[in-house]
Amino acid sequence: MTDNAVKVARLSTTQDDFDTRLSALLAWEGVSDKQVAERVEEIIDAVRSQGDAAVVEYTNRLDRMQARDMSELTLGAARLREAYESLPEAQREALAHAAERIRLYHQRQKPESWQYTEADGSVLGQKVTPLDRAGIYVPGGKAAYPSSVLMNAIPAHVAGVREIVMVVPTPDGVLNDLVLAAAHLAGVDYVFTVGGAQAVAALAYGTQSIPRVDKVVGPGNIYVATAKRAVFGQVGIDMIAGPSEILVVTDGETDPEWLAMDLFSQAEHDEDAQAILVGWDPAHLDAVQAAIERLLPTMEREAIIRESLASRGALIECRDRDEALTIINRIAPEHLELSVADPEEMAEGVRHAGAIFMGRYTAEALGDYCAGPNHVLPTSGTARFSSPLGVYDFQKRSSLIHCSPEGAATLGRTASVLARGESLTAHARSAENRLAENRLGDT
Ligand SMILES: NC(=O)c1ccc[n+]([C@@H]2O[C@H](COP(=O)([O-])OP(=O)(O)OC[C@H]3O[C@@H](n4cnc5c(N)ncnc54)[C@H](O)[C@@H]3O)[C@@H](O)[C@H]2O)c1
Ligand SMILES: N[C@H](CO)Cc1c[nH]c[nH+]1
Ligand SMILES: [Zn+2]
C-alpha cells in the first residue's frame, strides 16, 4: 500500500468482533448535536420574532451576502424562465430529459380518492387532498444541486400542490442558473435565496415576505436537519436526511474500477458520507481496494472522498449471498447497488433499502439524476421505517363516512356497547339516538 493510500476498513463476518465493528461503523449521531441545536433554536426564535429582518441578517452573516432587504433575496418566475432559456443547449436538454422521466415515474405514484357502498346504503371512503403550499429546501452551501430541485418539486407538482415555495442558499451571491432553470421546469412558484435554519424557520412560521408553508421537504446539512426537527409539528416534514450512503454488493465479476467509482460517487458528497462494499470473493475486494488507490488521486473531490472512506468506509468480506442479504437488511442503506448476475432474485431478499439499483449497469448516479425515482431517500438506517420522497408526501387523506339510517342503527348498537364499556355515556347516547327504536323521525 503506498504512503498516501486511503485506509479503508476491512471487515469479515468470520471475525469474532464483526458485529461490534459493524455497529461502530454505522453509528451516526451527527444529525444534530447540542451546540448546533442551541444555535438553531436561537435562529428560529429570531426569525419568529423579527421575520424578514432576521432572515436577511443571518443570510448576510452566514452566506457572506450584502442584501438590504428580502426583495434582494427573492427571484420571480421571469428570472427562473430567463435562467432556463439562457442555458447551453446540452444542459437544457439534459434537464428537460431528467424532469420528464421524474415526472413520468411520479405520476404512477398518484393515489386517487376512493369509496364503496355497503348493502344498507352506507358509504365509506378516502378523499385524497394535496397540500395547499409546500416548501422545498434545496441545499446550496458546499455545492449546487439542480437535481434536488427536480426531485423535490416535481412530486409536489404531480400531487397537485397549489403553491411551491423554494429556498436555496447562494453563498457570496453566486446564483446557479441550472438550479433556477430546474425550478422553472419543475413548476416552482417562488424562490428565495436563503438557506440554513433561517430558511426553514421562515417557511415554517412565515415572514413578511416568505409565505408560511404546510410542509418542509428536502435535504440539507446539520443546521437544516436540526431546524426541520425543531419545526416539526408546526409544519410537516418529509424526513431528517443524514449524509449520503451507498452499499454495493459484488459477486466478484464487476470491473473493480466501476465499483471503486460507484463508491466514490457517494463518498464525494460529504466527509461524513458512507460507502461500503460487500462481497464473498476476497481477491475481488483486494482488486477494488487497489482500484480505489489508483483512482483516488484523479478525483477533484479527492480530499472529501478520502476522508469519507477513511472514517466511515468499509470493504466487508462475507461467506455468501445469504450473508450479504443479512448485512444489507441490517444496514438498511439509502442506496443499494446489487452488482451481481441475478439482481432480481437477490432483490427479493432485500427488506430495507431506500433505493435498489439492480445489475452491473445500473450505477447509483443514474438514479441521482435521471432514472426517474426520487433521490431524496431515507438515510442512517431509517429505511427500516421510511420511504423515498414521493407524491404521497404532498397529499393528505380524509376518511369519508356516510351512514344510512339502517346502517346507523346497526352501528349504533355496537358503538353503544363499546362506549358503555369505556364509561363514555355521551358517546353511548349519541350512538343510541340513531337506534331505530329511539328515532323521532328519519333524517
Ligand atoms: N439526501 C439527498 O438527497 C441530498 C441531496 C443533495 C445534497 N445532500 C447533502 O446535503 C448537504 C448540503 O449541505 P451544505 O452545507 O452544502 O448546504 P446546505 O444548504 O444544507 O447548508 C448551507 C446553509 O447552512 C447554514 N450554515 C452554515 N454554517 C452555519 C453555522 N455555523 N451556523 C448556522 N448556520 C450555518 C448557512 O445558512 C448556509 O446557507 C450535504 O451533506 C449533501 O451531501 C443530500
Ligand atoms: N446521492 C444524493 C443523495 O444521497 C443525491 C444527489 C444529488 N446530486 C448528486 N447526488
Ligand atoms: Zn449523489
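Nothing here was measured: the structure is a model prediction, and the numbers come from that model.

Novice: Would you mind showing me how to read the site of ligand 2 here?
Specialist: Near ligand 2 you find Tyr145, Ser147, Ser244, Gln266, His269, Glu334, His335, Glu364, Asp368, Tyr369 and His375, and these make up its full shell. The separation between a nitrogen atom of ligand 2 and a polar side-chain atom of His269 is 3.0 Å. At 2.8 Å from a nitrogen atom of ligand 2 is found a side-chain nitrogen or oxygen belonging to Asp368. Top contributing element to the shell around ligand 2 by residue count: helix H15 (residues 364–369), with three residues.

Novice: How should the sheet that holds strand S5 (residues 133–137) be read in this particular structure?
Specialist: As summarised here, the arrangement of the six strands in space is S2-S7-S6-S5-S8-S9, forming an open sheet in which the pairing is mixed. Pairing within the sheet leaves two strands with one partner each, and these edge strands are strand S2 (74–75) and strand S9 (236–237). The sheet contacts of helix H8 (residues 196–205) involve S5, strand S6 (163–167) and strand S8 (215–217), and relative to S5 the element is tilted by about 175°.

Novice: Looking at this structure, how should I read the coordination of the zinc ion (ligand 3)?
Specialist: When a metal carries six donors in an octahedron, the ideal angles between them are 90 or 180 degrees, while four donors in a tetrahedron ideally lie at 109.5 degrees. His269 (NE2) and Asp368 (OD) make up the full set of protein donors to the zinc ion (ligand 3), lying at 2.1 to 2.2 Å. Classification of the site at the zinc ion (ligand 3) rests on its four donor atoms, whose angles at the metal span 90 to 171°, yielding the label irregular. Of this pair, His269 sits in the loop between helix H10 (256–267) and strand S11 (274–279) while Asp368 is found in helix H15, placing the two residues 99 residues apart along the sequence. Since its relative accessible area comes to 22%, His269 is described here as partly exposed. Judged by its relative accessible area of 10%, Asp368 is buried.

Novice: Hey, could you run me through the site of ligand 1 in this one?
Specialist: In the vicinity of ligand 1, 24 residues are found, and the nearest of them are Tyr137, Lys142, Gln198, Asn221 and Asp270. Between ligand 1 and the protein, one listed contact pairs an oxygen atom with a backbone N or O atom of Gly140 at 2.9 Å. At 2.7 Å from an oxygen atom of ligand 1 is found a main-chain nitrogen or oxygen belonging to Asn221. Burial of ligand 1 by the surrounding chains reaches 88%, relative to a free accessible area of 870 Å². Elements with a minimum of two residues in the shell around ligand 1: H8 and helix H9 (222–231).

What counts and what doesn't
Residues numbered from 1 in each chain as written. Chains lettered and ligands numbered in written order. Predicted model: local features only at pLDDT ≥ 70, side-chain atom pairs only at ≥ 80, totals over all residues. Heavy atoms only, no water. Near = heavy atom within 4 Å. Polar contact = N/O pair within 3.5 Å; in protein donor to acceptor, adjacent residues only side chain to side chain. Helix = DSSP H or I, 4+ residues; strand = E, 2+ residues; numbered from the N terminus. Pairing = 2+ DSSP bridges. Contact = heavy atoms within 4.5 Å. Axes fitted to C-alpha atoms, helices over the stretch in contact; angles between N-to-C directions. Donors = N, O, S within 2.8 Å, 3.2 Å for Na, K, Ca; no water. Tetrahedral: all angles 85-135°; square planar, octahedral: opposite > 155°, others 65-115°. Buried < 20%, exposed > 50% of the residue type's maximum accessible area, 1.4 Å probe, protein only. Areas by Shrake-Rupley, 256 points an atom, 1.4 Å probe, with all protein chains shown as cover.

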